[in-house]
Amino acid sequence: MSVSTSYISAQTARQWLNDSDEIALLDVRESGQFGEGHPFFAVNTPYSQLEPLVTQLVPRRTTRTVLLDAGDGVSERAVRRMHALGYVHVHALEGGAPGWAAAGYTLFQGVNLPSKTFGELAEHAFDTPHIGAQELARWQRQNKHFVLLDGRTPAEHRKMSIPGSVSAPNGELPRHLHALASDPTTPIVIHCAGRTRSIIGAEILRNLGLHNPVFALENGTQGWALAGLQLAHGDSQERQRPARPYASEREAAVRFARSAGVPELSPTQAQQWVDHDALTTYVLDVRSAEEFAARTLPSATHAPGGQLLQATDQTLGTRKARVILLDDDGVRAPVTAVWLTRLGWQVATVEGGIDASLSLSHRPAPAETHPLPRIATQALPTWSRAQVPQLVDLRSSAAWQQEHAAGAVWGIRTRLGQLSFSADRPILLLTPDAATAQLAAIDLREAGHSDIAWALAQDWADAGLPVECNTPLADSERIDYLFFVHDRHDGNLDAARQYLEWETGLIAQAAPDELGVFQLPSRNA
């Protein structure tokens, strides 16, 4: 059944963002295109992975949804895909991202715009104390006693960190409050890669009443490198929190949440939120990955507190939705809830946390696809000699450039229609997983191709078949790769400078209605 596309103007989309109803503004371009310029509240939902992503980001099928593309017709295809999944109020933005800019609205570079901008605003609102790289290095040379914590994820810490720092993700900081307060004269320094998590991590501790001097390391690891100092690589030190929270930590968290007006719902009240057909409620477990894997509330979504605050747009796709946060200690969820409230969301915790008597509906799976035969590793040599397939590599452009099957073209679902295929030879999709192959096959079948099979890209090499290495793609082709300061973490100091200038300039770029969603206390509060 054909689906007609409903178009709206950029002005209408802007009005919808500012009214009281829920809205999902989804950018269906690939991540590289998105990062080079998008509306402030747009959520990246690349067409290449649309179906699995949209069901997570926009769980309610009646949500008012607006899609934008590069003005190239991808939104129209995405509308059809979403209708097939049961979404009923889906619109395409006239002219896509170029149409947004033509209406006089800003397209922002980078990712996680709301969270990054909020971090800059928080620094101003709280007058966050900071310490420069050279001063911190002087402390180290003088053997000054202080605690240096990395508020990012353990994986980011292992990649690069400030020498002597210990991994303690921001979402876990409330559970370290008692230990950090053992000597109130000891300075605490929080660092990240740039600015946001350093600022928010420092303010989490200060807002909870920690009496120690607390500082954000100015510009994080990038500022350290720009100061000519050496970073650590491969460090795996993690600060171990106690198995149970201290009473003082619970008291501080409850006091903080109450002061910010964050409600604690009874299970009955929380169930009413969840069951409300006309409103979206996200139920998120903010604990660590290990804790979530071991035990959680069935059908809850994992969103570690520190990363949730850092990248709300990777979890919460519907603006003006409600959010319930869960933990098992009564500490991490209330603290994260306060900061998420300040980011402009309606947030609550629930009595009992992950053990609450709360029933969540299972998220419907994406629509069924046609069976797609897989060519096993051992069968690939014989099959490929007999069939002479047309090879399409659906991995990232970075992986294709490094190594790919000889003769394979780099393909991405968004642009499969631009490839030329012979009707008398099968198409073999070389992919990282079965799901990626199935999604691409939807578009290929729609274009009239029926003889399609798939194999894992690694299976091709494992079968001893020929590969090509170090084949460059034109930058313009790599729509999945964000070139914007892409190598700032790999020693490129110019890229680091550009990134820091970008982040500190976000407030000036944002319009009043974009900044108006945040709910930070005034300096005099």
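What counts, and at which threshold
Residues numbered from 1 in each chain as written. Predicted model: local features only at pLDDT ≥ 70, side-chain atom pairs only at ≥ 80, totals over all residues. Heavy atoms only, no water. Helix = DSSP H or I, 4+ residues; strand = E, 2+ residues; numbered from the N terminus. Rg over C-alpha atoms; globule rule 2.2 N^0.38 Å. Buried < 20%, exposed > 50% of the residue type's maximum accessible area, 1.4 Å probe, protein only. Contact = heavy atoms within 4.5 Å. Areas by Shrake-Rupley, 256 points an atom, 1.4 Å probe, with all protein chains shown as cover. Lys, Arg positive; Asp, Glu negative; His and termini not counted. Charge placed at Lys NZ, Arg CZ, Asp CG, Glu CD. Salt bridge = Lys/Arg side-chain N within 4 Å of Asp/Glu carboxyl O. Expected span 1.5 Å × (residues − 1). Pairing = 2+ DSSP bridges. Right-handed = clockwise from strand over helix to strand, strands pointing away. Core = buried A, V, L, I, M, F, W, Y, C linked by side-chain atoms within 4.5 Å. Phe/Tyr/Trp six-rings, centres within 6.5 Å; stacked < 30°, edge-to-face > 60°. Lys NZ or Arg CZ within 6 Å of the ring centre and 35° of its normal. UniProt positions renumbered as here; feature names shortened; annotations may be inferred. Axes fitted to C-alpha atoms, helices over the stretch in contact; angles between N-to-C directions. Parallel < 35°, antiparallel > 145°, perpendicular 65-115°, else oblique. Left-handed = near helix turned anticlockwise from the far one by under 90°.

### Overview of the overall build of the protein chain
In step 1: The helix and strand tally for the protein chain stands at 23 helices and 21 strands.
In step 2: Its C-alpha radius of gyration of 24 Å places the protein chain within 12% of the 24 Å reference for a compact globule of 525 residues.
In step 3: Once the C-alpha set of the protein chain is aligned to its principal axes, its extents read approximately 75 × 55 × 50 Å.
In step 4: Here the protein chain, with 525 residues, has 53% of them falling under the buried criterion.
In step 5: Of the contacts formed within the protein chain by residues at least 6 apart in sequence, a portion of 78% connects residues at least 24 apart.
In step 6: Surface accessibility of the protein chain: about 22100 Å² in total, with carbon and sulfur atoms responsible for 50%.
In step 7: Averaging the locations of the 44 positively and 58 negatively charged side chains of the protein chain gives two centres separated by 3 Å.

### Some thoughts on the environment of serine 357
In step 1: Summarising the element assignment, serine 357 is placed in the loop between β15 (346–350) and α17 (380–387).
In step 2: Serine 357 gets classed as exposed once you look at its relative accessible area, which sits at 62%.
In step 3: With 87 residues separating them in the primary sequence, serine 357 and alanine 270 have C-alpha atoms 9.4 Å apart.

### As for the side chain of arginine 81
In step 1: Among the structural elements, arginine 81 can be located in helix α4 (residues 74–84).
In step 2: Using a relative accessible area of 8% as the deciding quantity, one classes arginine 81 as buried.

### Topic: the pattern of salt bridges
In step 1: Enumeration over the complete set of coordinates arrives at 32 salt bridges.
In step 2: For arginine 14, the salt bridge identified is with glutamate 514, shortest N-O distance 3.5 Å. On the criterion of sequence distance, the pair formed by arginine 14 in helix α1 (residues 10–18) and glutamate 514 in helix α23 (residues 512–515) is long-range, its members being 500 residues apart.
In step 3: Salt bridges linked by common partners bring Glu172, Arg175, Arg241, Asp285, Arg287, Glu291, Asp328, Asp329 and Arg332 together as one network.

### As for helix α19 (residues 434–446)
In step 1: Between its first and last C-alpha, α19 extends 19 Å over 13 residues, near the 18 Å set by a 1.5 Å rise per residue.
In step 2: Just downstream of α19 lies glycine 448, where phi reads positive at about 100°.

### A short note on the pairing of strand β5 (residues 90–93)
In step 1: Taking every second residue as pointing to the same face, both faces of β5 are buried, with Val90 and Ala92 on one and His91 and Leu93 on the other.
In step 2: By the bridge criterion, three bridges tie strand β4 (residues 65–68) to β5 in an arrangement that is parallel. Bridging from a neighbouring strand, valine 66 pairs with histidine 91 of β5.
In step 3: Handedness of the crossover joining β4 and β5 through α4 is recorded here as right-handed.

### Side note on the nonpolar core
In step 1: One finds Ile188, Leu205, Val323, Leu325, Trp339 and Leu340 to be the most contacted residues of the largest nonpolar core, which totals 72 residues.
In step 2: Discounting chain neighbours no more than four positions away, the residues touching leucine 205 are Leu173, Leu177, Leu180, Ile188, Ile190, Leu210 and Val214.

### Some remarks on the packing of aromatic side chains
In step 1: What the rule picks out here adds up to eleven aromatic pairs.
In step 2: Centroid distance phenylalanine 40 to phenylalanine 41: 4.8 Å. Interplanar angle 85°. Geometry classified as edge-to-face.
In step 3: Look at phenylalanine 40 and you get buried, because its relative accessible area is 1%.
In step 4: Seen in terms of ring centroids, phenylalanine 40 and phenylalanine 108 are 5.2 Å apart; in terms of plane orientation they differ by 70°. Their pairing is edge-to-face. Placement of phenylalanine 40 in the loop between α2 (31–35) and β3 (43–44) and of phenylalanine 108 in the loop between α5 (96–102) and α6 (113–126) is noted, with a sequence separation of 68 residues between them. Here phenylalanine 40 matches phenylalanine 108 in class, with each residue buried.
In step 5: One aromatic cluster in this structure is built from Phe40, Phe41, Phe108, Phe118, Phe126, Trp339 and Phe518.
In step 6: Cation over ring: lysine 144 sits above tryptophan 139, and NZ or CZ is 4.9 Å from the ring centre.
In step 7: The ring of tryptophan 345 has arginine 319 lying over it, and the distance from NZ or CZ to the ring centre is 5.1 Å.

### Some words on the pairing of strand β9 (residues 188–191)
In step 1: Side chains Ile188 and Ile190 project from β9 onto one buried face, and the interleaved Val189 and His191 project onto a second face that is buried too.
In step 2: Judged from the four bridges that link them, strand β7 (residues 147–150) and β9 form a sheet pairing that is parallel. Following the sheet pairing, leucine 149 is matched in β9 by isoleucine 190.
In step 3: In this sheet, strand β10 (residues 214–217) lies alongside β9 in parallel orientation, the contact comprising three bridges. When the bridges of β10 are listed, isoleucine 188 appears paired with valine 214.

### Notes on the UniProt feature "domain: Rhodanese" (unreviewed entry) in the protein chain
In step 1: Under the present numbering, the feature "domain: Rhodanese" (unreviewed entry) in UniProt falls on residues 19–109, 142–233, 283–366 and 385–469.
In step 2: Annotated as residues 142–233, this span is 32% helix and 15% strand, and its ends, taken at the C-alpha atoms, are 23 Å apart.
In step 3: When the span residues 385–469 is considered, its composition is 33% helix and 26% strand, and the gap between its end C-alpha atoms is 21 Å.

### Describing the environment of threonine 431
In step 1: Relative to the helices and strands, threonine 431 resides in strand β19 (residues 427–431).
In step 2: Residue classification places threonine 431 among the buried residues on the basis of a relative accessible area of 1%.
In step 3: Note: C-alpha distance between threonine 431 and glutamine 458 (27 residues apart in sequence) is 8.4 Å.
In step 4: Once you skip the residues sitting within four places of it in the chain, threonine 431 turns out to touch Leu394, Arg395, Thr436, Ala437, Trp454, Ala455, Leu456 and Ala457.

### Here we look at the sheet that holds strand β2 (residues 24–27)
In step 1: With respect to topology, five strands assemble into an open sheet ordered β1-β5-β4-β2-β3, the strand pairing being parallel. Two strands lie at the open edges of the sheet, namely β1 (6–8) and β3, each paired on one side alone.
In step 2: Here three bridges tie β1 to β5, and the two strands are oriented parallel to one another. Counted as the bridge partner of serine 6 is histidine 91 from β5.
In step 3: Against the sheet, α4 engages β1, β4 and β5, with an angle of about 145° to β4.

### Observations regarding the packing of α6 against helix α10 (residues 196–207)
In step 1: In contact at an axis separation of 9 Å, α6 and α10 are set at 50° when each is read in the N-to-C sense. Compared by their axis directions, α6 and α10 come out oblique. The two elements α6 and α10 meet at a crossing, and its hand is left-handed. Residues Ser115, Lys116, Phe118, Gly119, Glu120, Ala122, Glu123 and Phe126 of α6 lie in contact with α10, whose contacting residues are Thr196, Ile199, Ile200, Glu203, Arg206 and Asn207.

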